[in-house]
Each structure stands twice: as C-alpha cells, then as structure tokens.
Amino acid sequence: MRTSLRIFFLGGLTSYRALFHWLTPWILIPTFVVGPIFQLLFFAYVGRAAGVGDDTFYLIGNAVELASIPCLFAMGNTIGNERYTQTLGLLLASPARRLPLFLGRALPVVVNGFAVSFLVLVLGALVLHVSIPVAAWAPLVAVLAVCAFSCTGLGLASAALALRVRETAVLSNIIMGVLIVFCGVNVAVSALPAWMQSVAQVLPLTHGIEAARELVAGASWAAVMPLVRDEALIGVVYGAIGMAMLFFFERESRRHATLELA
Amino acid sequence: MPVIEVEALTRRYTTRTGFRRRTRKDVEAVRGISFEVGRGELFGLLGPNGAGKTTTIKMLITLLLPTSGSARVLGHDVVAEPREVRRRIGYVFGGDKGLYERLSGLDNLRYFAELYGVPAREQGPRIGELLELVGLTGRERERVEGYSRGMRQRLHIARGLLHRPDVLFLDEPSIGIDPVGARELRQTVASLTSQGTTVLLTTHYMFEADELCDRIAVIAGGLIVAEGTPAELKSRVADGHVVEIEVFDGVGDRLDAVRAIPGVTSVGVEDGGHSQLLVVRTDAAATVTPAVLGRLDGLALGRVATREPTLEDAYVELVRQA
Amino acid sequence: MSTLRLVAVGWWLQLKMRSRSSFDGLLSIVYPMFFATTIFFMYRENGDEAALVSAAVGASCMGVWSAVSTTASTTLQGERRQGTLELLVGSPTSFSLVIVPATVSMATIGLWSLVATLLWGRVVFGIPISFDQPLVFVVAALVLAFSLGLVGFLQAVSSVRYRSAWALGSLFEFPVWLICGFLVPLSILPDWVRPISWLLPPTWGVAAVRDAALGGNAWPDIALCLLTGAAYAVIGVVLARRLVDSARVNATLALT
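Cut-offs used in this document
- Residues numbered from 1 in each chain as written.
- Chains lettered and ligands numbered in written order.
- Predicted model: local features only at pLDDT ≥ 70, side-chain atom pairs only at ≥ 80, totals over all residues.
- Heavy atoms only, no water.
- Helix = DSSP H or I, 4+ residues; strand = E, 2+ residues; numbered from the N terminus.
- Buried < 20%, exposed > 50% of the residue type's maximum accessible area, 1.4 Å probe, protein only.
- Contact = heavy atoms within 4.5 Å.
- Lys, Arg positive; Asp, Glu negative; His and termini not counted.
- Charge placed at Lys NZ, Arg CZ, Asp CG, Glu CD.
- Patch = residues over 30% accessible without salt bridge, like charges linked within 9 Å, V, L, I, M, F, W, Y side chains within 5 Å.
- Areas by Shrake-Rupley, 256 points an atom, 1.4 Å probe, with all protein chains shown as cover.
- Salt bridge = Lys/Arg side-chain N within 4 Å of Asp/Glu carboxyl O.
- Pairing = 2+ DSSP bridges.
- Axes fitted to C-alpha atoms, helices over the stretch in contact; angles between N-to-C directions.
- Core = buried A, V, L, I, M, F, W, Y, C linked by side-chain atoms within 4.5 Å.
- pLDDT = per-residue confidence, 0-100.
- Buried area = accessible area lost by both parts, 1.4 Å probe.
- Polar contact = N/O pair within 3.5 Å; in protein donor to acceptor, adjacent residues only side chain to side chain.
- Nonpolar A, V, L, I, M, F, W, Y, C, P; charged D, E, K, R; others polar.
- Parallel < 35°, antiparallel > 145°, perpendicular 65-115°, else oblique.
- Left-handed = near helix turned anticlockwise from the far one by under 90°.
- 1 Å grid on protein atoms, 1.4 Å probe; cavity = no way out; pocket = protein on both sides within 12 Å on 5 of 7 lines; lining within 4 Å.
- Points joined across faces, edges and corners; volume = space filled by probe spheres on them.
- Disulfide = S-S within 2.5 Å.

A. Region of the structure containing the overall build of chain B. A tally of regular secondary structure across chain B gives 11 helices and 14 strands. Taking the principal axes of the C-alpha coordinates as reference, chain B spans close to 75 × 50 × 50 Å. Per-residue burial over chain B gives 52% buried out of 322 residues. Long-range pairs, those at least 24 residues apart, make up 71% of the contacts in chain B between residues at least 6 apart in sequence. Side chains of chain B carry 42 positive and 44 negative charges; the gap between the two charge centres is 9 Å.

Written out as structure tokens, the structure reads:
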C-alpha cells in the first residue's frame with residue numbers, strides 16, 4: 001500500500017513535470033489564464049449580441065468546461081509523450097503496480113483542471129460583474145472538482161486511444177470540440193436536438209454544469225446531489241474504460257511485440 | 001586569386017545560463033585561423049568534434065559573423081557582402097535533417113531552385129541532370145520521409161548544386177551513412193572538382209580526407225595545427241614506421257618503459273575488447289621492435305606487425321600535440 | 001516577376017505540406033466548425049433570421065484566423081527543428097520572402113474552413129445566404145486570408161525567441177475573435193477596445209466578407225484590410241531583418 005501511494009504521488013508528479021514543462025509562467029499564463037478568460041468573454045459577448053442567455057449562464061458553462069484543457073491535453077500528452085520518448089515501454093514493462101501508476105499520472109491533471117476552472121470562475125465573475133451567492137461557493141467548488149475528475153477520466157480514455165491513433169493533439173482537440181457543443185456549455189442542453197441531448201447524458205460535464213447552474217440559482221447541495229453523483233459516475237466509467245484499454249494494449253504488445261512505441 | 005581567403009579568423013560564443021542570476025560564459029571556438037583555397041581545389045578541414053570546423057564553415061557561408069579577422073569567398077567579404085557570397089556558394093551538411101519530409105525530393109529541389117533564383121526555364125533540365133548525378137532518378141516523386149539516409153544525403157548534394165555554385169561547402173557529409181553510400185558520395189564529390197567546382201570539406205574520417213582532398217588543414221582546439229597535402233602530412237609527423245603489438249594482459253605499467261626506448265616517437269594504446277593494441281611510432285623499426293618486445297617480457301602477446309604510417313597516425317599525432 | 005514566382009511556388013509547396021498533416025490540415029477545418037455549431041445553436045435559439053445569417057458569415061471567417069494564429073508562432077521553430085532554417089537564411093533570397101508564403105499558406109488552409117462552415121450552416125442549419133455579390137465575396141475572402149497571412153508573418157518572426165511559442169496560439173485566437181467583429185458588433189464592446197480593433201486587419205476583412213455576402217459596399221473594407229495587413233508586413237520585414245542579423249551575431253539559427 002505504501003509503495004502504491006509513493007508510485008501514485010511521486011510517479012505522477014515527476015512525469016508531469018518532466019514531460020510537460022507546464023510549470024513555467026510562459027506556458028501557464030497563455031494556456032491556463034489568458035486563453036480561457038478570453039474564451040469566456042467571447043461566448044459571453046456572443047450571447048449578449050445574440051440576446052440569448054445571461055452572463056452567469058456563460059460564466060458557469062465555460063468555467064466548468066475549461067477544466068478540459070488540462071484534463072484532455074495534459075492527460076493525452078502525458079501518455080502520448082511517454083510513447084514519444086519511448087518511456088512507455090519501460091513503464092508498461094516495469095514491475096510497479098500499474099493502477100496506482102496511471103492514476104498517479106492522473107492526479108496532478110485533476111488538480112490542474114480544477115485550478116483552471118476555479119480561476120476562470122473567480123476572474124470571470126469579477127470581469128463580467130456576476131455575483132454568485134456566498135452560500136453557493138462551497139458546493140460550487142466541490143462541483144468543479146468533480147467535473148475536473150470526470151473530465152480527466154475521459155482524458156485517460158482518450159490518452160489510451162491516442163496510443164493507437166498517434167495524433168494525440170488532434171484527438172484531444174476534437175473531443176474538446178464535442179464537449180463544447182454537446183454539454184450545455186453555451187447552449188442549454190434542452191435547446192439541442194433530441195439525439196444530441198441523449199449523447200450529452202453520457203458525456204462528462206453535462207451533469208456538473210447543470211448542477212453548478214442550479215447552485216448559483218439558489219438550489220441546495222441536497223437538491224443537486226443526484227447530478228453530482230452521475231457526473232462522478234461518468235468519470236469513473238471513462239477512467240475504467242481508459243485503464244482497460246491501456247491494459248489491453250500492454251498485453252497485446254507483450255504478446256505480439258507490436259505496440260508502436262516509437 | 002584564391003577562391004577562399006581566410007585571415008586570422010576568430011569566433012567566440014557567449015552563452016548565458018541561469019534565469020535569475022545570469023552568468024556569462026565565453027567559449028573561443030575558432031582562435032585565429034588563416035588559409036587559402038585555390039580554384040578547383042578540394043580542401044579538407046580535418047579535426048575532432050568541437051575543433052571549430054563547423055563554426056569556420058558557418059562563418060564562410062555567412063550564417064555566423066566572425067568575432068575578428070576576415071574571410072572572403074570569390075573576392076566577396078562574408079560580413080559586408082553576404083548576398084553576393086550566398087548566390088555563388090552551395091552548402092550541404094551531414095545527417096538526415098534539412099529537408100522537407102512531407103514533400104517529394106523533386107519538390108524539395110524545386111523550392112530551393114526558387115530560393116536560389118534558378119531561372120524557371122532552366123529548372124527542369126537542371127533538376128533532371130542533378131537527379132541523374134546523385135542517382136535519384138526515378139525516386140524523385142516519393143516523399144522524403146520514406147528516403148534512406150544515403151538517399152537524403154544525395155538529395156542534399158543535389159540541393160546544394162542547383163544554382164551551379166562555384167564553391168561547395170560540405171560539412172561532414174558522410175556522417176551516419178553506410179560504407180557503400182559513403183563511397184558513392186566520395187565519387188560524386190570527386191567528380192565535382194573535376195568539373196572545376198571548388199570544394200571545402202570538413203570531416204573526421206581520415207580515409208575520406210586522404211582519398212579526396214588535394215590539401216588538408218588539421219584543426220584542433222580552434223587552431224590549425226598543420227596544413228599540407230595528405231602525403232606531406234603523413235611524412236611530417238612520422239617518416240618512420242608504426243609497430244603494432246597485440247597484448248592480452250594489462251599493459252599500462254609498461255608504457256613509460258616503452259616510451260623511454262631511444263627512437264620511439266610516441267606510444268598509444270587502443271582497446272580491442274579482449275586484447276589491447278600497443279601502437280608504437282618510431283623512425284627505426286628494425287632496432288626498436290626487439291627492444292619493445294623486451295620491455296613487454298612476461299606478458300601474453302599476440303600479433304606483431306610493422307607498417308607504413310597512415311594519415312590517421314599523422315592526425316592522431318597532430319591532435320595529440322595540439 | 002521571379003519574386004512573384006518565388007512567392008507562388010513557396011506558397012504552393014507550403015500548402016502541400018500542411019495539407020498532408022492531419023494537425024494543420026484536417027483539424028484547422030474541423031475545429032472551428034465546433035465553435036460555429038455552438039454559435040448557430042445560440043442564434044437559432046434567438047430566432048432572428050437576419051442575425052443568424054450574419055453570424056454564419058462571421059463564424060465562417062473564424063477558421064481563417066484559427067488556422068493562422070495557432071500555427072504561425074511555431075513556424076520558425078519547426079523549420080529550425082527540421083534543420084531547414086539555416087538553409088533558408090543562407091539562401092540569397094530575403095528571409096521575409098521565404099516566410100510570408102508560409103504564413104499565407106496557413107491562412108489559405110483556413111479558407112477551406114470558411115467554405116466548410118458556410119456549407120455546414122446551409123445544409124445542417126438551413127441558413128440561407130444570398131451572396132449578393134459572389135465575385136466581390138471571393139475577392140474579400142482572398143484578401144482576408146492574405147492579410148491574415150501577413151499578420152501571421154509578424155507573429156511568426158516576433159515569437160521565434162519564445163521557447164514555448166506553441167502556447168501563444170491560444171493567446172491570440174479568442175481575443176481576436178472577440179474584438180474584431182467576427183460575431184460581436186464593435187458597438188457593444190467597451191469604447192476603449194474600438195481603436196485596437198481598428199488596427200487589426202481581421203476587423204476590416206470580416207466586415208468586407210460580410211458586406212459582400214449580405215449586400216453592402218465591401219470595397220472600402222477590402223482596401224483597409226489590405227492596408228492594415230501591409231503595415232503588419234512592413235513591421236514584420238524589419239523584425240525579420242533584425243532577427244537574421246542577430247542570429248548571425250549570436251549563433252541562434254541552429255538548434256544547438
């Protein structure tokens with residue numbers, strides 16, 4: 001158990017730092033602050049121009065959705081880069097327990113995603129003069145964390161898929177596009193065609209965004225609890241799918257020596 | 001008039017490290033070299049890695065400014081008239097970079113033909129001619145990402161020759177290609193000079209320089225330590241012989257004793273895995289060999305041979321002295 | 001004449017390269033369509049058809065800017081990585097004439113996204129665009145792409161020293177979408193933003209495309225788009241010259 005924990009924390013953090021160099025202001029600020037804030041402002045102003053929704057609607061939708069930048073790209077690249085630097089083979093072949101190993105890769109990503117969401121929420125509320133009831137902040141923070149988690153689950157699944165499709169960044173971009181369109185970020189899910197509403201139900205973020213909007217509108221934690229539970233559940237399912245795919249590729253690669261690591 | 005004139009050329013690099021507290025570090029890569037290359041000559045700059053070969057070439061092809069000294073190519077100063085120089089020279093470096101992977105070999109050549117202002121009408125025939133010269137005819141429409149290293153290198157050469165340069169700079173062109181490819185490359189280079197192109201070649205392969213070059217400058221630590229024809233260089237350092245003795249035991253503690261033998265100019269050891277090769281340079285092999293064997297008494301010895309010095313011996317000697 | 005040929009061949013070959021990369025090619029067509037789709041839904045909710053049509057034209061231009069802004073910063077580093085940067089600088093051609101075709105080719109890829117977005121709007125959302133002046137529309141779209149290519153040129157030469165240049169793409173994409181009238185009328189932005197918008201070629205290019213599509217006099221906007229684009233190009237040329245000079249002094253062309 002102790003070893004597993006060490007692999008979980010240290011392994012995750014080391015790979016995150018080594019493979020990403022995220023932790024420099026030159027990348028952090030454009031990617032996680034300026035870009036996201038302007039995405040929010042863009043949609044808020046398009047909303048004003050179109051006369052649809054209000055600033056609060058866009059603030060919540062985009063703040064939650066923007067967690068997907070680290071959750072998808074960082075997760076995809078963490079796994080993808082290890083293939084690129086040819087460390088994935090070593091990792092897969094190492095005797096370390098693989099579950100904590102990969103979940104360890106995921107933890108810093110969850111934290112990062114949450115941080116981006118939270119930052120956008122706070123800065124966005126200031127810039128757009130949106131006031132969020134004081135009582136709503138604590139449950140809101142919890143919802144953001146759950147969404148960052150579930151989105152990382154999707155990120156893990158996409159990272160596993162990226163082992164096969166090679167174009168990690170293309171895949172992450174497309175998944176992010178799907179989330180923006182389907183999950184009620186800028187368009188209420190109820191305004192989408194029926195088939196898109198069904199798709200939205202099985203994607204991360206949809207339930208979380210709905211819960212967050214209800215909280216800001218004054219709902220209690222108990223009232224949004226079922227939504228949050230569904231959101232978390234979806235994250236677990238995607239994470240499990242991702243893990244299963246990684247295990248499958250690993251076994252396959254050992255049997256056929258075909259996992260294209262280079 | 002010489003085609004390339006280099007006079008007291010130096011180049012210093014300043015590297016800054018650290019983010020908050022920046023520390024400056026000066027590295028003198030080229031420390032005052034002078035040489036001349038005549039028309040149609042194949043001149044070799046020979047030296048170990050980091051000796052200053054590439055820095056010298058980059059100054060001559062105008063990509064780097066000298067810190068001091070001057071260099072002229074075809075009479076044009078490399079600092080004051082870079083465009084005049086660039087128009088008349090070709091530059092090819094080794095390794096598999098420097099090509100557009102996603103384009104075909106033909107498209108790569110077309111692009112650089114434009115960059116070098118080859119008139120539209122001449123481009124087609126010129127490219128065809130060069131593909132023939134480097135043996136890529138028939139493969140030119142394939143994307144470069146599928147090319148072997150040798151093919152890439154030959155495409156590089158074709159690229160460097162598109163505009164019929166008067167001077168061709170070849171920076172370690174045979175690095176990383178297989179022996180057959182390297183031989184073909186040497187044939188191509190040799191045929192260029194026979195057509196009047198002046199070539200400046202850098203390499204650390206002795207046999208390449210020996211086979212190709214009319215004249216060689218050995219560069220070490222940013223200085224030219226010797227200059228002359230391959231034959232002159234060979235005779236300069238070792239006009240005697242080389243005695244090679246295969247030793248199966250550790251030879252380290254006997255080296256000084258061997259060095260002390262009168263007539264021995266230098267002693268080197270090359271590691272050969274399960275044995276070591278003792279290389280003794282001497283001007284009197286007949287008397288020295290028994291003496292050396294005497295000093296090695298008690299060690300398990302293998303093959304003993306005496307041979308003429310090669311350019312490599314001369315080179316090792318020169319670089320060692322530098 | 002030979003300069004024109006050089007630019008044309010450079011543009012064509014760069015376009016060829018980009019179309020062969022799923023990242024530059026496919027993604028820059030598909031990605032803006034996600035945003036367009038969201039926007040179409042937003043405007044459909046509002047029910048105002050004229051607004052929807054105008055939004056469709058604006059949304060279709062978004063891809064041209066994305067194609068430039070997300071890739072321009074990394075162009076020179078890409079060339080450096082593949083070892084071609086030194087060869088380009090070492091050629092007798094001016095460095096700017098080598099880079100401009102590359103960034104204009106990025107914008108050209110964006111034109112595919114413009115067409116794809118208009119078709120998407122027409123087929124999936126049934127947005128009717130009349131194209132009152134089809135020929136002017138084509139001219140306006142080409143000028144938009146060309147001008148944005150020139151902005152990309154400035155972006156490319158000014159971000160070469162920025163080691164994490166790839167992160168700059170996300171820095172420029174949304175702000176320009178926001179303040180250049182792609183979808184948000186300049187009149188609802190804060191007053192102090194307007195002068196900034198006026199200095200940016202996309203503002204005039206998008207206005208020109210919109211005028212041409214919806215019936216309006218596009219020519220003044222086309223002229224202003226070209227003029228502002230040219231101003232960026234001039235700054236770019238000066239920077240490019242300084243860049244090459246400093247590279248010769250500091251040995252920063254090669255990757256090492």
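Having seen it, we continue.
B. Region of interest: a nonpolar patch on the surface. The grouping of A:Leu119, A:Leu123, A:Leu126 and A:Val127 at the surface amounts to a nonpolar patch, some 330 Å² of accessible area in total. Checked against the element boundaries, A:Val127 lands in helix α6 (residues 98–128).

C. Examining unusual backbone geometry more closely. Of note in the backbone geometry, A:His129 takes a positive phi value of approximately 55° without being a glycine. Mapped onto the elements, A:His129 comes out in the loop between α6 and α7 (134–165). On the accessibility criterion, A:His129 (73% relative accessible area) is exposed. Here the phi dihedral of B:Ala8 falls at roughly 50°; this positive angle occurs in a residue that is not glycine. By the element assignment, B:Ala8 lies in strand β1 (residues 4–17).

D. Quick peek at the sheet that holds strand β6 (residues 89–93) of chain B. All names here are of chain B. Strand order in the open sheet formed by 6 strands is β6-β7-β8-β3-β9-β10, with mixed pairing between adjacent strands. Two strands in the sheet have a free side with no partner beyond their single neighbour: β6 and β10 (223–228). Strand-to-strand, the axes of this sheet are offset by a mean angle of 15°, without reference to chain direction. As defined by bridge partners, strand β3 (residues 42–46) adjoins strand β9 (residues 215–220) across 4 bridges and the pair is classed as parallel. Directly across from Gly44, in β9, lies its bridge partner Ile216.

E. How the structure looks around the nonpolar core. If you look at the biggest cluster of nonpolar residues, it comprises 144 residues, and the most contacted ones within it are A:Phe42, C:Ile39, C:Met62 and C:Phe182. Residue contacts for C:Met62: discarding those within four places in its chain leaves A:Phe42, C:Phe35, C:Ile39, C:Trp177, C:Phe182 and C:Leu183. By size, the runner-up hydrophobic cluster in this structure holds 100 residues, among which are B:Leu63, B:Leu136, C:Leu76 and C:Phe95.

F. Seen up close, the confidence of the model for chain B. Across chain B, pLDDT averages 87, with 96% of residues at or above 70. Across the predicted assembly, pTM comes out at 0.86 and ipTM at 0.93.

G. Quick peek at the interface of chain C and chain A. On the chain A side, the residues contacting the 31 residues of chain C number 38 residues. Together, the buried faces of chain C and chain A total about 3,100 Å²; carbon and sulfur atoms form 80% of this surface. Applying the counting rule to chain C against chain A returns 1 residue pair in polar contact (both at pLDDT 80 or more). Sorting the residues of the side of chain C that touches chain A by element identifies α2 (22–46) and α7 (169–179) of chain C as the ones contributing at least two each. The element that contributes the greatest number of residues to the side of chain C that touches chain A is α2(C), accounting for 14 residues. Looking at side-chain class alone, the side of chain C that touches chain A contains 24 nonpolar, 6 polar and 1 charged residues.

H. Up close: the sheet that holds strand β13 (residues 276–282) of chain B. All names here are of chain B. Pairing within the open sheet is antiparallel, and its 4 strands lie in the order β12-β13-β11-β14. The open sheet has two edge strands, β12 (264–271) and β14 (301–307), and neither has a second partner. This sheet shows a mean twist of 15° between the axes of neighbouring strands, independent of strand direction. The sheet contact formed by strand β11 (residues 241–247) and β13 spans 7 bridges and is antiparallel. Note on β13: the bridge partner recorded for Ile245 is Leu278. Each of β11, β12, β13 and β14 is contacted by helix α11 (residues 311–321), which is oriented at about 85° to β13, the strand it contacts most.

I. Here's a closer look at the pairing of β12(B). Residue and element names in this part refer to chain B. The pairing of β12 with β13 spans 7 bridges and is classified as antiparallel. The residue of β13 that forms the bridge with Val269 is Leu278. The turn joining β12 and β13, which pair antiparallel and follow one another in sequence, is formed by 4 residues; a positive phi near 85° is taken by Gly273.

J. Structural context of the packing of helix α3 (residues 105–115) of chain B against helix α5 (residues 149–161) of chain B. Residue and element names in this part refer to chain B. Relative to each other, α3 and α5 sit at 25°, their axes nearing to 9 Å. For the element pair α3 / α5, the angle class is roughly parallel. Taken as a pair, α3 and α5 cross one another with a handedness that is right-handed. Here Gly105, Asn108, Leu109 and Phe112 of α3 come into contact with α5, specifically with Leu155, Ala158 and Arg159. Its residues assigned to classes, the contact of α3 with α5 shows 4 nonpolar, 2 polar and 1 charged.

K. Summary view of the pattern of salt bridges. All names here are of chain B. Using the criterion set out here, one finds 23 salt bridges over all chains in the structure. The salt bridge partner of Glu145 is Arg143, with a shortest N-O separation of 3.3 Å. The structure contains a network of salt bridges with shared partners spanning Glu41, Arg215 and Glu227.

L. Up close: the layout of surface pockets. By volume, the second largest pocket amounts to about 510 Å³. Forming the walls of the second largest pocket are 24 residues, and the residues nearest its centre are A:Phe38, C:Pro175, C:Val176, C:Ile179 and C:Ile196. Of all elements in the fold, only α2 (25–50) and α6 of chain A together with α6 (134–158) and α7 of chain C reach the threshold of two or more residues within the lining of the second largest pocket.

M. Representation of the environment of A:Leu227. Residues and elements named next belong to chain A. With respect to the helices, strands and loops of the structure, Leu227 is situated in helix α11 (residues 221–256). Classification of Leu227 as buried rests on a relative accessible area of 14%. Distance in space between the C-alpha atoms of Leu227 and Val143 is 9.6 Å, their sequence separation being 84 residues. Dropping the residues within four chain positions of it, Leu227 is found in contact with His207, Glu210, Ala211 and Glu214.

N. A look at empty space enclosed by the protein. The tally for this structure, following the rule as stated, stands at 4 cavities of 30 Å³ or more. Space inside the second largest cavity adds up to approximately 60 Å³. Around the second largest cavity, the lining residues are B:Ile61, B:Ile89, B:Tyr91, B:Tyr116, C:Glu86, C:Leu87, C:Gly90 and C:Ser91. Elements with a minimum of two residues in the lining of the second largest cavity: β6 of chain B together with α4 (85–89) of chain C. Residue composition of the lining of the second largest cavity, by class: 5 nonpolar, 2 polar and 1 charged.

O. Fine view of the state of the cysteines. Residue and element names in this part refer to chain A. Applying the stated criterion across every chain, the model contains 0 disulfides over all chains. Between Cys151, a free cysteine, and Cys71, which holds the nearest cysteine sulfur, the sulfur-to-sulfur gap is 4.5 Å. With relative accessibility at 0%, the residue Cys151 sits in the buried group.

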